[in-house]
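Single-letter residue listing:
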Amino acid sequence: MLDDRPCLCGSGQTLARCCGELLAGKPAHGPEALMRSRYSAYALGKTDYLRQTWAPETCPSVLEADPGIRWTGLQVIRARTSGSDGLVEFRATFQAQGQWQQLHETSRFRKADAHWLYVDGDARWLPLKPGRNSPCPCGSGRKYKQCCGA
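These numbers were taken from a predicted model, which means no experiment stands behind them.

A. Inspection of the overall build of the chain at higher detail. Counting its secondary structure elements, the chain contains three helices and four strands. Counting from the amino terminus, helix and strand elements in the chain follow one another as α-α-α-β-β-β-β. Here the chain has a C-alpha radius of gyration of 16 Å; the compact-globule value for 150 residues is 15 Å, and the two agree. Reported as C-alpha extents along the three principal axes, the dimensions of the chain are approximately 50 × 35 × 30 Å. A total of 150 residues make up the chain; the buried ones form 39% of that total. Across the chain, contacts joining residues at least 24 apart in sequence account for 38% of those joining residues at least 6 apart. Total accessible area on the chain stands at roughly 8700 Å², and carbon and sulfur atoms take up 47% of it. With 20 positive and 14 negative side-chain charges, the chain shows a spacing of 10 Å between the two charge centroids.

Here it is, written out as structure tokens:
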């Protein structure tokens, strides 16, 4: 059930009023909204939604949620729309097997039949090594040494 907790995409809205509407079937109004909802879908393990919003020619034949990954933050760097094409550059922070990492991707989107689809992206996976006094990558707002680094 989608509730009134903050949306996972970091928009500042509630999950129910933000990405929850798209996850429930409302079409995304643009590439950035679709990318944010796909981030939330990854965090919630909603692979059906990911497949529905992936261009058929680039969608992998097998797509499974990885319960070992904990997505903790999204930062949209830039978003651009030109007609039926879109581009979104973002950074997504996550923890996998106790290690902090960041996905930095420039994603391409296409509008087809009034629906935006993820086509593909240029991705870099970067290890994160937070310092003791750095903000904790879990998104708590506390210093790393007082949170996940304790």
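Still more ground to cover, so stick around.
B. Structural view of the pattern of salt bridges. A full pass over the atoms with the stated rule returns six salt bridges. Note that Glu-21 and Lys-26 form a salt bridge whose closest N and O atoms lie 3.3 Å from each other. The closest approach of N and O atoms between Arg-78 and Glu-89, which form a salt bridge, is 2.7 Å. With a gap of 11 residues between them, Arg-78 in strand β1 (residues 69-82) and Glu-89 in strand β2 (residues 85-96) connect regions that are remote in the sequence. Within the structure, one salt-bridge network assembled from shared partners comprises Arg-108, Asp-120 and Asp-122.

C. Quick peek at the pairing of strand β3 (residues 99-112). Pairing analysis gives 12 bridges linking β2 to β3, with the strands arranged antiparallel. Following the sheet pairing, Gln-95 is matched in β3 by Trp-100. The hairpin formed by β2 and β3 contains two residues between the paired strands, and Gln-97 there has a positive phi angle of roughly 50 degrees. Bridge count between β3 and strand β4 (residues 115-127): 12 bridges; the pairing is antiparallel. Among the inter-strand pairings, Phe-109 is bridged to a residue of β4, identified as Tyr-118. The turn linking β3 back onto β4 is made up of two residues, and Asp-113 within it adopts a positive phi angle of 50 degrees.

Quick notes on the rules
Residues numbered from 1 in each chain as written. Predicted model: local features only at pLDDT ≥ 70, side-chain atom pairs only at ≥ 80, totals over all residues. Heavy atoms only, no water. Helix = DSSP H or I, 4+ residues; strand = E, 2+ residues; numbered from the N terminus. Rg over C-alpha atoms; globule rule 2.2 N^0.38 Å. Buried < 20%, exposed > 50% of the residue type's maximum accessible area, 1.4 Å probe, protein only. Contact = heavy atoms within 4.5 Å. Areas by Shrake-Rupley, 256 points an atom, 1.4 Å probe, with all protein chains shown as cover. Lys, Arg positive; Asp, Glu negative; His and termini not counted. Charge placed at Lys NZ, Arg CZ, Asp CG, Glu CD. Salt bridge = Lys/Arg side-chain N within 4 Å of Asp/Glu carboxyl O. Pairing = 2+ DSSP bridges.

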